[in-house]
Amino acid sequence: MGTQSSDISAALNEALAALESADTPEGVRSLVSQVTGKKGSLGSLKSSLGSVVDVEERKKVGAAINEALSRLAEAADARLTVLSNAELLRVIGADRVDVTERALKSDVAARLGRTHLVTQATERLEDVFIGLGFQIAEGPEVESDFYNFEALNMPPSHPARSMWDTLFVDQDPQGSVLLRTHTSPVQIRVMQEWPPPIYAIMPGRVFRRDTPDATHMPVFHQIEGMVIDRNITFADLAGTIEAFTKAFFGSAFTSRLRPSYFPFTEPSAEFDIRRPDGSWIELGGCGMMHPRVIRAGGLDPDEWSGFAFGFGIDRMAKERHGVADLRDMYSNDVRFLEQFP
Ligand code: DAH
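Rules and cut-offs
- Residues numbered from 1 in each chain as written.
- Predicted model: local features only at pLDDT ≥ 70, side-chain atom pairs only at ≥ 80, totals over all residues.
- Heavy atoms only, no water.
- Helix = DSSP H or I, 4+ residues; strand = E, 2+ residues; numbered from the N terminus.
- Rg over C-alpha atoms; globule rule 2.2 N^0.38 Å.
- Buried < 20%, exposed > 50% of the residue type's maximum accessible area, 1.4 Å probe, protein only.
- Contact = heavy atoms within 4.5 Å.
- Areas by Shrake-Rupley, 256 points an atom, 1.4 Å probe, with all protein chains shown as cover.
- Core = buried A, V, L, I, M, F, W, Y, C linked by side-chain atoms within 4.5 Å.
- Pairing = 2+ DSSP bridges.
- Axes fitted to C-alpha atoms, helices over the stretch in contact; angles between N-to-C directions.
- Phe/Tyr/Trp six-rings, centres within 6.5 Å; stacked < 30°, edge-to-face > 60°.
- Lys NZ or Arg CZ within 6 Å of the ring centre and 35° of its normal.
- 1 Å grid on protein atoms, 1.4 Å probe; cavity = no way out; pocket = protein on both sides within 12 Å on 5 of 7 lines; lining within 4 Å.
- Points joined across faces, edges and corners; volume = space filled by probe spheres on them.
- Nonpolar A, V, L, I, M, F, W, Y, C, P; charged D, E, K, R; others polar.
- Near = heavy atom within 4 Å.
- Polar contact = N/O pair within 3.5 Å; in protein donor to acceptor, adjacent residues only side chain to side chain.
- Sits in = over half its atoms within 2 Å of the grid points.
- Domains from an automatic or database assignment.
- Salt bridge = Lys/Arg side-chain N within 4 Å of Asp/Glu carboxyl O.
- Parallel < 35°, antiparallel > 145°, perpendicular 65-115°, else oblique.
- Left-handed = near helix turned anticlockwise from the far one by under 90°.

It is worth spelling out the overall build of the chain at this point. For the chain, the helix and strand inventory stands at 12 helices and nine strands. Taken over the C-alpha trace, the chain has a radius of gyration of 43 Å; the compact-globule value for 341 residues is 20 Å, which it surpasses by more than 25%. Along the first, second and third principal axes, the C-alpha set of the chain runs to 130 × 45 × 40 Å. Here the chain, with 341 residues, has 40% of them falling under the buried criterion. A separation threshold of at least 6 residues defines the contact pool for the chain, and within that pool the share at least 24 residues apart is 63%. Per element, the accessible surface of the chain, about 18,800 Å² overall, is 53% carbon and sulfur.

Okay, structure coming up:
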């Protein structure tokens, strides 16, 4: 039986088709060695070459078989490349870290972080006062008696000191270092550092020897405001409080001042915010800066006058959001915190 070129191309086509369905490198290699082996379709054709008597015919058939073998080798190489690329992609896919996975998984609600209610309130207050032309200042939470009391017109044993239940730091001389009971000491520090005119707000944490209850915490937050300029009057104070009220709470809210007493202001007042339903929120204290306080800040009270105010941020946030108990704000219960996105 003579070797036909049609036998060669049939054997090649069959081998090429089988290659396409080989899906591992081992499969490709064993297919090639099987086809080209002694008993394989192309291998056996090659070994039968010796029986071709006609020399020219043998050359022709031999060349055709070699051509088929090299096409098979090329196809096998191409197939191996395809398979190893696929393997590479599989490994990359399996190793990939999907950073969007948590947010996309439908069975786990995306839990984004958020700022605390008091931080939110502080940031909004800062925005509103920056809009009114104020700058932000900060002072230390551990203060000296001088800044917390004395410079604010409360010399040692002044009776007004009892307005603030103070936590003292155990440091000699005893009583000289304390946790600030209000943000008012920052007024003095700002006057000492910033050249007037000064339009400053001073938010921060304050401390009092208080037992926690629905309306008190031993640690809470205040925001202090201070204006120092020439010819500042009580009307500027009232106008600023009113402008702040409308900007922060909304145009349906108004403010009022009631006479009061603070050692660092003269005259002094407390201010309340009127809700649209007619009820009142007591917010904080304010007044015209006492000449002694301006002098303690290193400025001449004959040249400069000013007003100041201060109020509790936690209590204000509590009122604004209808929180019943201040302690809930510090329980770290996410179910409470999640109500204020
Ligand atoms: N520091 C006062 C307090 O904690 C609040 C206060 C009252 C601040 C009057 C002021 C002010 O700046 O003028 O009770």
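Having seen the model, we can carry on.
This next bit is on the nonpolar core. Leu125, Phe244, Phe249, Leu283 and Phe311 are the most contacted members of the largest nonpolar core, which has 36 residues in total. At the level of elements, helix 6 (117-131), strand 5 (219-229), helix 9 (234-249), strand 7 (265-274), strand 8 (280-289), strand 9 (305-312) and helix 11 (313-321) are the ones that each hand at least two residues to this core. In terms of residues, this core owes the most to one element, helix 6, which gives six residues. Within the second largest apolar cluster, 26 residues are counted, among which are Tyr147, Phe149, Val186 and Leu299.

The strand order 1-4-5-9-8-7-6 describes an open sheet built from seven strands, whose pairing is mixed. Edge strands, defined here as strands with exactly one partner in the open sheet, are strand 1 (135-136) and strand 6 (254-262). Packing against the sheet, helix 8 (residues 185-193) makes contact with strand 4 (198-207), strand 5, strand 8 and strand 9, and its axis sits at approximately 140° to strand 4. Relative to strand 6, helix 9 is tilted by about 130°, and along the sheet it contacts strand 6, strand 7, strand 8 and strand 9.

A word on the packing of aromatic side chains. For the structure on display, the rule yields 16 aromatic pairs. Here the aromatic rings of phenylalanine 129 and phenylalanine 309 are separated by 5.5 Å at their centres, their planes lie at 25°, and the arrangement is stacked. Taken as a pair, phenylalanine 129 in helix 6 and phenylalanine 309 in strand 9 lie far apart in primary sequence, 180 residues in all. Residue phenylalanine 129 shares its accessibility class with phenylalanine 309, and that shared class is buried. Three or more aromatic residues joined by ring pairs form one cluster here, namely Phe129, Phe134, Tyr199, Phe244, Phe248, Phe249, Phe253, Phe271, Phe309 and Phe311. Over the ring of phenylalanine 248 we find arginine 124; its NZ or CZ atom is 4.4 Å from the centre of that ring. The ring of tryptophan 304 is capped by arginine 230, whose NZ or CZ atom sits 4.2 Å from the centre of that ring.

Approximately 760 Å³ is the volume attributed to the largest pocket. Elements with a contribution of two residues or more to the lining of the largest pocket: strand 5, strand 6, strand 7, strand 8, strand 9 and helix 11. Tallied by class, residues from the lining of the largest pocket come to 14 nonpolar, 13 polar and nine charged.

With respect to spatial proximity, 16 residues lie near the ligand, and among them His182, Ser184, Arg208, Gln222 and Glu224 are the closest. Histidine 182 has a polar side-chain atom sitting 2.9 Å from a nitrogen atom of the ligand. At 2.9 Å, a side-chain N or O of glutamine 222 approaches an oxygen atom of the ligand. Taking 360 Å² as the accessible area of the ligand by itself, protein coverage stands at 92%. Taking a 2 Å distance to the grid points as the criterion, the majority of the atoms of the ligand fall inside the largest pocket. Grouping the constituent residues of the shell around the ligand by class yields six nonpolar, eight polar and two charged.

Bringing the domain arrangement of the chain into the picture now. Splitting the chain by domain gives domain 1 (2-95) and domain 2 (117-337). If you average the C-alpha positions of domain 1 and of domain 2, the two centres end up 89 Å apart.

Applying the stated criterion across every chain yields a total of 12 salt bridges. One salt-bridge network, held together by shared partners, links Arg256, Arg258, Glu270 and Asp272.

Tracing the chain through its elements places threonine 122 in helix 6. Residue class for threonine 122 comes out buried when judged on its relative accessible area of 15%. Each residue touching threonine 122, except ones within four places of it in the same chain, is listed here: Pro203 and Ile313.

Look at helix 6 against helix 9: their axes get within 10 Å of each other, and the N-to-C directions meet at 130°. Judged by the inter-axis angle, helix 6 sits oblique to helix 9. The handedness of the crossing between helix 6 and helix 9 comes out as right-handed. Judged by residue contacts, Ala121, Arg124, Leu125, Val128 and Phe129 of helix 6 engage Phe244, Ala247 and Phe248 from helix 9. In terms of residue class, the contact of helix 6 with helix 9 is built from seven nonpolar, no polar and one charged.

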